[in-house]
Amino acid sequence: MKRISGFLFLLFLVACQPSKQLSLAGQINPYQYSITKKQISKNGAVVSAHPLASEVGVMIMKAGGNAVDAAIATQLALAVVYPGAGNLGGGGFMVARLSSGEFVSLDYREVAPSAAHRDMYLDSAGNVIPGKSINGHLSCGVPGTVAGLFESARYARLPFKKLIQPAIELAEKGFVITEREANALNAIQKDLKAYNTVPNAFLKPTGWKAGDTLVQTDLAKTLKRIRDKGRDGFYRGETARLIVEEMQRGGGIMSLADLESYTAKWRQPQVFSYKGYTIIGMGMPSSGGTLLNQMMKMVENRPLASFGFLSPDAIQLMVEVERRAFADRAEYMGDADHVQVPAWLTDETYLRNRMRDYVPGVAGNSQHIKAGVLHESEQTTHLSVIDNEGNAVAVTTTLNNSYGSKTVVGGAGFLLNDEMDDFSARPGVPNMYGALGGEANAIAPGKRMLSAMTPTVVLKDNQPFLVVGTPGGTTIPTSVFQTLINIIEFGMTTEDAVYQPKFHHQWMPDRIDVERSFPQSTRDALKQMGYKIAERSSIGRTEVIKVLPNGSFEAVADNRGDDAAAGW
Ligand code: DON
């Protein structure tokens, strides 16, 4: 077991008050902790974006909870210790293989408020007003997370009150922040001033530093209302009133009726096979599972492994399948409750034909390679959880970009999402991830905006084998695709599969984005083929749990963040 110590988490010991419900005291110390990147365990494992949240998940399993209990408690803890993406004011998706053998997927994506309309981010000349869908009150979709947590609790074992208690304590008593969190909070101080109507816990004029304690009193009160009143503690009463008052003070449009009527929905998961593995992914309104299905199927019958990891030929093949999948996304994908998403997008014959114009050694061109037709007739967060009963749970949840809209609900202490930017504000105009969308993803009241989140469970011989996912906007499906290919085709260790350089092509803009560590020789060879290459900041924070041949769980957290593995 390799343990990598974190930053400066020393000597912040503060007496913790004992509590009746699963207190942190004695089990988790929020004032002194370290970051474990890899953990092997027998009974259960959690990988998430923050060590305290991963530890909370494991603590819940030790107390008799299953992987669903742990996933709920971990998300609630992330809403406190990882405010940039963990959330009450956002939404997400859960994909799970349950101990009964059943596959389920839950959609708790935000929806457009009932007063939203397709041109709400355009000026009188019809141009997109920069930033309006990204920051502040008008960028917020109706949050889905709390509804999702209560809905997923149908498969949990412990009372919800127990699952939320660690989050309440972390908010009330505070926790020590990492250097990365301090830097991230400092970077949004100006936005926090610009997009808020009342002071909040994240504001600090003197600046945050590693080792500071973040106490969130208002958030603790909101969590207690949820503990005491269930989902009504968020969607009705005091919390709903605070959200709507915040909207009214800041020019937003979310109403009490929007909150009351929000519903999380069980969806048919996107299930497909790849060389004998069964892959369970998320369907609409996330494009993630469909894109993963398309990309995996487009490479399945090609000798990818023989090309070698990071070889120009392997990258070219993967880039060309990414290009084609993303072209289809821009044209066809959106909330299937509102638009018809063609089922043939994952048809094997269609996908084979889709690669007909792929020429090895020559770059494709997005001006020519558009969405297919059937010729026949940077902040989200992912957690992976597993238990020894056969439950494997993948959850990706988000406020959209880091700290969402930057708007904290006054008196309620949580950030609201800026998920409205995931709609196409105007067909053909890229969103903040540079992604194009069309009619299928136009804004409409009550409609869910298209996502790229790709929580994924892979089975081998019908038993859990991998639990995978990542943040990263449109790079999410490509990161999951590459992680699966690294493990299944290139036979990599889990750590290599996660840590090795990633790359991304999303049809438009027509270029390959690569991480800094992407080898120069491969960049040169790809340029020779005619590709444009752009270096970018790190891609994703992939969290993987792999079931080893002896049945143990190998949990690996990405080294691109404070992400941490825990197990027991
Ligand atoms: O749902 C989506 O696809 C985006 N809102 C995800 C945003 C994201 O991953 C940002 N994180 N880096």
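Note: the structure precedes this text.
Residues numbered from 1 in each chain as written. Predicted model: local features only at pLDDT ≥ 70, side-chain atom pairs only at ≥ 80, totals over all residues. Heavy atoms only, no water.

## Things to note about the overall build of the protein
Scanning the protein for helices and strands turns up 17 helices and 19 strands. Against the 2.2 N^0.38 benchmark of 24 Å for 568 residues, the protein shows a C-alpha radius of gyration of 22 Å, consistent with a compact globule. Dimensions of the protein along its principal axes, counting C-alpha atoms only, are 65 × 60 × 45 Å. Here the protein holds 568 residues, and 63% of them are scored as buried. When the accessible surface of the protein is summed, it comes to about 19,600 Å², and 51% of that surface belongs to carbon and sulfur atoms. Within the protein, one finds 57 positive and 56 negative side-chain charges whose respective centroids are separated by 3 Å. (Helix = DSSP H or I, 4+ residues; strand = E, 2+ residues; numbered from the N terminus. Rg over C-alpha atoms; globule rule 2.2 N^0.38 Å. Buried < 20%, exposed > 50% of the residue type's maximum accessible area, 1.4 Å probe, protein only. Areas by Shrake-Rupley, 256 points an atom, 1.4 Å probe, with all protein chains shown as cover. Lys, Arg positive; Asp, Glu negative; His and termini not counted. Charge placed at Lys NZ, Arg CZ, Asp CG, Glu CD.)

## Regarding the packing of helix α11 (residues 288–300) against helix α15 (residues 475–488)
The relative placement of two packed helices is expressed as an angle between their axes plus a distance between the axes. Running from N to C, α11 and α15 point in directions that differ by 40°, and their axes come no closer than 9 Å. Classified by the angle between their axes, α11 and α15 sit oblique to one another. Judged by the sense of rotation from one axis to the other, the crossing of α11 with α15 is right-handed. From α11, Gly288, Leu291, Leu292, Met295, Met296 and Val299 reach across to α15, where they touch Pro477, Thr478, Val480, Phe481, Leu484 and Ile485. (Axes fitted to C-alpha atoms, helices over the stretch in contact; angles between N-to-C directions. Parallel < 35°, antiparallel > 145°, perpendicular 65-115°, else oblique. Left-handed = near helix turned anticlockwise from the far one by under 90°. Contact = heavy atoms within 4.5 Å.)

## Here we look at the pairing of strand β3 (residues 91–97)
Extensive coverage of β3 is indicated by the burial of 7 of its 7 residues. The two faces of β3 match: Gly91, Phe93, Val95 and Arg97 on one face and Gly92, Met94 and Ala96 on the other face are all buried. The pairing of β3 with strand β11 (residues 392–398) spans 7 bridges and is antiparallel. Among the inter-strand pairings, Gly92 is bridged to a residue of β11, identified as Thr397. Bridging between β3 and strand β4 (residues 103–108) involves 6 bridges; their strand directions are antiparallel. Looking across to β4, one finds that Arg97 is bridged to Phe103. Counting the residues between successive antiparallel strands, the hairpin from β3 to β4 contains 5 residues, one of them, Gly101, with a positive phi of roughly 95°. (Pairing = 2+ DSSP bridges.)

## Section: the sheet that holds strand β14 (residues 503–504)
With mixed pairing, 3 strands are arranged side by side in an open sheet as β14-β15-β16. Looking at which strands have only one partner, the edges of the open sheet turn out to be β14 and β16 (533–536). Alignment of β14 against strand β15 (residues 512–515), held across 2 bridges, turns out to be antiparallel. Looking at β15, one finds that His504 is bridged to Asp513. Along the sheet, helix α17 (residues 520–529) makes contact with β15 and β16, crossing β16 at roughly 145°.

## Topic: the pattern of salt bridges
For the structure shown, the criterion picks out 39 salt bridges. Salt-bridge contacts for Arg154 lead to Glu151; the nearest nitrogen and oxygen are separated by 2.8 Å. Overall, the relative accessible area of 24% leaves Glu151 in the partly exposed class. Because the salt bridges share partners, they merge into one network encompassing Asp107, Lys265, Arg267, Asp337 and Arg448. (Salt bridge = Lys/Arg side-chain N within 4 Å of Asp/Glu carboxyl O.)

## A short note on the packing of aromatic side chains
Throughout the structure, instances matching the rule amount to 10 aromatic pairs. On the basis of an interplanar angle of 20° and a centroid distance of 3.9 Å, the ring pair of Phe150 and Phe160 is categorised as stacked. You can see Phe150 sitting in helix α3 (residues 145–152) and its partner Phe160 sitting in helix α4 (residues 160–173), a full 10 residues away along the chain. Judged by its relative accessible area of 23%, Phe150 is partly exposed. The interplanar angle of 80° and the centroid separation of 5.3 Å between the aromatic rings of Tyr332 and Trp344 together place this pair among those described as edge-to-face. One end of the pair, Tyr332, is in helix α13 (residues 312–332); the other, Trp344, is in the loop between α13 and α14 (348–354), and 12 residues separate them in sequence. (Phe/Tyr/Trp six-rings, centres within 6.5 Å; stacked < 30°, edge-to-face > 60°.)

## Comments concerning the side chain of Asp107
You can see Asp107 is positioned in strand β4. There is a polar contact of 2.9 Å between the side chain of Asp107 and the backbone nitrogen of Arg109. Within the structure, Asp107 has its side chain in polar contact with the side chain of Arg448 (distance 2.9 Å). In this structure, Asp107 is in contact with Gly92, Phe93, Tyr262, Ala264, Lys265, Arg267, Met282, Pro285 and Arg448, ignoring residues within four places of it in sequence. (Polar contact = N/O pair within 3.5 Å; in protein donor to acceptor, adjacent residues only side chain to side chain.)

## Notes on the sheet that holds β3
With antiparallel pairing, 7 strands are arranged side by side in an open sheet as β7-β4-β3-β11-β10-β2-β19. Two strands close off the open sheet at either side, each with one partner strand: β7 (265–267) and β19 (564–567). Mean inter-strand twist for the sheet, computed between neighbouring axes without regard to direction, equals 15°. Where strand β2 (residues 44–48) and β19 come together, 4 bridges link them in antiparallel fashion. Counterpart to Val46 in the pairing with β19 is Ala566. Those strands touched by helix α1 (residues 51–62) are β2, β10 (380–387) and β19, and its axis lies near 160° from that of β2.

## A look at the environment of Asp119
Positionally, Asp119 belongs in the loop between β4 and α3. Sequence separation between Asp119 and Ser255 is 136 residues; the distance between their C-alpha atoms is 19 Å.

## Regarding α1
When the terminal C-alpha atoms of α1 are compared, their 16 Å separation across 12 residues agrees well with the 16 Å that a helix rising 1.5 Å per residue should span. Of all 12 residues making up α1, 10 are buried, and the element is well covered by its neighbours. Taken together, the buried positions of α1 are Pro51, Leu52, Ala53, Ser54, Val56, Gly57, Val58, Met59, Ile60 and Met61. Residues of α1 that are buried sit in contact with β2, α2 (67–81), α4, β5 (175–176), β10 and β19. Positive backbone phi, approximately 110°, marks Gly64, located one or two places after α1. (Expected span 1.5 Å × (residues − 1).)

Coordinates in, geometry out; function isn't part of it.
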